[in-house]
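Residues per chain, in single letters:
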Amino acid sequence: DLGKNTFHICAMNDKGTILLRERLTRAALPKRLANIPPCRIGMEACAGSHHIGRQLTALGHDVRLMPAKYVKPFLKSHKNDYRDAEAIAEAVQRPTMRFVPFKSDEQLDLQALHRVRSRLVGQRTAVINQIRAFLLEHGIAVRQGPGALRLALPSILAQRTDVLSPRIIHLIEGLTGDWRRFDERIADVTREIEQLAKQDQYCKGLMGVPGVGPMTASAMVAAIGDGAAFSRGRDFAAWLGLVPKQIS
């Protein structure tokens, strides 16, 4: 479990015989694996796996990342860290296993920016919905859309004191301030994403496609890099979810 500070490793030979089981701390893992001959190392793709994978690759090992859902069928009996490691060791030896390519630091930065922006947009939407709900509870309905609510709020707070108490007016004013701050944060993150997209060669190539802007291009590059993980275009379309699931 790469999210913890202690890791469990399981070593197998070509025949699948377990040769070693060990429990190591995060700091001791690179030192321990630096003292063994180069071998294939399997890990589940998760937070922190790309950083550790690059460290072990620099030591000469053949590091492979796998989605957790592809490892689960190899898990036997009750789940614990040693059995998880054994399942990963068996899964990484399968000739048909699909692996996850390593993300560069630039990809991780882009991905982090997109995740932060997505969270901020969700929080802003929650604030807007809360303002709208508070108004509706007092009989004030506003046309759908954040733009309509933004235009209507000043006049509502100033003129509808007949149904809005001073306390609720003060509360909505505070929520409006939160909305404004979320707008500023989202604009800052969006500008940073656009600047990075203009500097990245893959983003610039994608932005040459009609209808693809910096947000879409940078999100795609952050997720798949140069796209070498897909052998054909239809595999990429299936990964995006543009084809129906096979249920035969």
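Quick caveat: nothing in here was measured; it's all calculated off a predicted structure.

Definitions and cut-offs
Residues numbered from 1 in each chain as written. Predicted model: local features only at pLDDT ≥ 70, side-chain atom pairs only at ≥ 80, totals over all residues. Heavy atoms only, no water. 1 Å grid on protein atoms, 1.4 Å probe; cavity = no way out; pocket = protein on both sides within 12 Å on 5 of 7 lines; lining within 4 Å. Points joined across faces, edges and corners; volume = space filled by probe spheres on them. Helix = DSSP H or I, 4+ residues; strand = E, 2+ residues; numbered from the N terminus. Nonpolar A, V, L, I, M, F, W, Y, C, P; charged D, E, K, R; others polar. Salt bridge = Lys/Arg side-chain N within 4 Å of Asp/Glu carboxyl O. Buried < 20%, exposed > 50% of the residue type's maximum accessible area, 1.4 Å probe, protein only. Contact = heavy atoms within 4.5 Å. Axes fitted to C-alpha atoms, helices over the stretch in contact; angles between N-to-C directions. Parallel < 35°, antiparallel > 145°, perpendicular 65-115°, else oblique. Left-handed = near helix turned anticlockwise from the far one by under 90°. Phe/Tyr/Trp six-rings, centres within 6.5 Å; stacked < 30°, edge-to-face > 60°. Lys NZ or Arg CZ within 6 Å of the ring centre and 35° of its normal.

Peer 1: Pulling in residues and values, what's your account of the layout of surface pockets?
Peer 2: Size it by volume and the largest pocket reaches roughly 1100 Å³. Ile-9, Cys-10, Ile-41, Gly-42 and Ala-85 are, among the 40 residues lining the largest pocket, the residues nearest its centre. Elements with a contribution of two residues or more to the lining of the largest pocket: β1 (6–12), β2 (18–25), α1 (28–33), β3 (40–44), α3 (68–71) and α4 (81–91). When grouped by side-chain class, the residues that make up the lining of the largest pocket number 26 nonpolar, 5 polar and 9 charged. Taken as a whole, the second largest pocket spans an internal volume of roughly 940 Å³. Lining the second largest pocket are 29 residues, and of these Phe-99, Pro-101, Ala-229, Phe-230 and Trp-239 lie nearest its centre. Mapped by element, the contributors of at least two residues to the lining of the second largest pocket are α3, α5 (105–137), α9 (214–224) and α10 (233–240).

Peer 1: Talk me through the pattern of salt bridges; I want residue IDs and the actual numbers.
Peer 2: In total, this model carries 15 salt bridges according to the counting rule given. One salt bridge connects Lys-79 with Asp-84, and the closest N-O pair in it is separated by 2.7 Å. The salt bridge partner of Asp-235 is Arg-232, with a shortest N-O separation of 3.3 Å. The class for Asp-235 is partly exposed, based on a relative accessible area of 27%.

Peer 1: Residue-level account of the side chain of His-114, with values.
Peer 2: Inspection of the secondary structure puts His-114 in helix α5. Look past the residues within four positions of His-114 in its chain and what remains in contact with it is Ile-193, Met-215, Ser-218 and Ala-219.

Peer 1: Can you tell me about the packing of α5 against α9, naming the residues and giving the values?
Peer 2: Interaxial distance between α5 and α9 falls to 8 Å at its minimum, and their mutual angle equals 125 degrees. What the angle tells us is that α5 and α9 run oblique. As α5 runs across α9, the sense of the crossing is left-handed. Together, Gln-107, Leu-110, Gln-111, His-114 and Arg-117 of α5 and Met-215, Ser-218, Ala-219, Val-221, Ala-222, Ala-223 and Ile-224 of α9 make up the contact between the two elements. Taken together, the residues of the contact of α5 with α9 break down into 7 nonpolar, 4 polar and 1 charged.

Peer 1: Can you break down the packing of aromatic side chains residue by residue, with the values?
Peer 2: Per the counting criterion, the structure on display carries 3 aromatic pairs. Ring geometry for Phe-230 versus Phe-236: centroids 5.4 Å apart, planes at 65 degrees, classification edge-to-face. Phe-236 carries the same exposure label as Phe-230, and that label is buried. With a centroid separation of 6.0 Å and an interplanar angle of 20 degrees, the aromatic rings of Phe-236 and Trp-239 are classed as stacked. Of the two residues, Phe-236 and Trp-239 are both situated in helix α10; the distance of 3 residues between them amounts to about one turn of the helix. Overall, Trp-239 belongs to the partly exposed group, its relative accessible area being 47%. Put simply, the rings of Phe-230, Phe-236 and Trp-239 pair up and form one aromatic cluster. Taking the ring centre of Phe-99 as reference, the NZ or CZ of Arg-64 above it sits at 4.8 Å.

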